[in-house]
Amino acid sequence: MKGTLAGCRVEITVPFAAGLAFLLLADRTGAVACGILAAALHEGGHLLMLRLQKRRVCGLRLTIFGAQIRAHTAQSRYSKDAALFLAGPAANLLALVVCSILPVPALAVFRTANALLGFVNLLPVGPLDGGQALFCLLQMHFSARRARQIVQVVSFVVLLPLAAAGFLLLFRSRWNFTLLVMAVYLLFLLLLKPDRA
């Protein structure tokens, strides 16, 4: 589904809509809704930073793997791009702090969703916000090619122990494979599209 909203081209892919509908219908705990709110807050952090940087959003694409925001890059600087990538996790961590201060038991799942989304996206792994921010900061001192190589090495150094921890968690819990799936997926992205780092 495609459309335009305030001059911004918005596209919602079929897998995203189908996956979202399935998760919402299957969820009995409200955890999925909290995760969706945390994800919306995350993307809102990116959009707010774009607004503060006076950069116009020209496209928003919602896929099963997340949101892809396109913005005009005129007069863009590496430090500004790094701040843009870090704004999403920062929004989640701010929500985590607020939820931790407020003594409301109903916010526990929302707090956990923000903690996971914020900390995972801060990992210095190529496809994640932390990896993209690291790439931008490295370009202030190195060529784009050298910066990409450094990010790839750092990504593998971070992901290999995560994958090992995922195996251990799977064997010990006998059912919790989330960490392993996340690490393998990110490794797959790095191997499939090394230019993303």
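This text gives an overview of the structure that appears in the document.

Procedures and definitions
- Residues numbered from 1 in each chain as written.
- Predicted model: local features only at pLDDT ≥ 70, side-chain atom pairs only at ≥ 80, totals over all residues.
- Heavy atoms only, no water.
- Core = buried A, V, L, I, M, F, W, Y, C linked by side-chain atoms within 4.5 Å.
- Buried < 20%, exposed > 50% of the residue type's maximum accessible area, 1.4 Å probe, protein only.
- Helix = DSSP H or I, 4+ residues; strand = E, 2+ residues; numbered from the N terminus.
- Pairing = 2+ DSSP bridges.
- Contact = heavy atoms within 4.5 Å.
- Expected span 1.5 Å × (residues − 1).

### A look at the nonpolar core
Inference 1: Judged by nonpolar contacts, V125, L128, L159, L162, A163, A183, L186, L187 and L190 together constitute the single largest core of 9 residues.
Inference 2: Sort the elements by how many residues they give to this core and helix α7 (residues 178-192) lands first, with 4 residues.
Inference 3: By size, the runner-up hydrophobic cluster in this structure holds 5 residues, among which are C34, C99, F110 and A113.

### Here's the deal with the pairing of strand β3 (residues 57-63)
Inference 1: Note: strand β2 (residues 8-12) against β3, 4 bridges, orientation parallel. The residue of β3 that forms the bridge with E11 is R61.
Inference 2: In terms of strand pairing, β3 meets strand β4 (residues 66-71) through 6 bridges, oriented antiparallel. Across the sheet, residue V57 finds its bridge partner in β4, namely A71.
Inference 3: Between the end of β3 and the start of β4, which pair antiparallel, lie 2 residues.

### Here we look at unusual backbone geometry
Negative phi is the rule for most residues except glycine; trans is the rule for most peptide bonds.
Inference 1: Located in the positive-phi region is K54, a residue other than glycine, with phi close to 60°.
Inference 2: Of the residues examined, K54 reaches a relative accessible area of 74% and is grouped as exposed.

### Here's the deal with the environment of A163
Inference 1: Within the element layout of this structure, A163 appears in helix α6 (residues 144-173).
Inference 2: For A163, a relative accessible area of 10% translates into the label buried.
Inference 3: Taking the C-alpha atoms as reference points, A163 and L186, separated by 23 residues in sequence, lie 9.9 Å from one another.
Inference 4: For A163, the contacting residues outside a window of four places in its chain are L180, A183 and L187.

### Concerning α6
Inference 1: Between its first and last C-alpha atoms α6 spans 42 Å; for 30 residues at 1.5 Å apiece the expected length is 44 Å, and the two agree.
Inference 2: Residues A147, V151, S155, L159, L162, A163 and G166 constitute the buried set of α6.
Inference 3: Those residues of α6 that are buried lie in contact with α5 (129-138) and α7.
Inference 4: Where α6 ends, the next residue or the one after it, R174, has phi of about 70°, a positive value.

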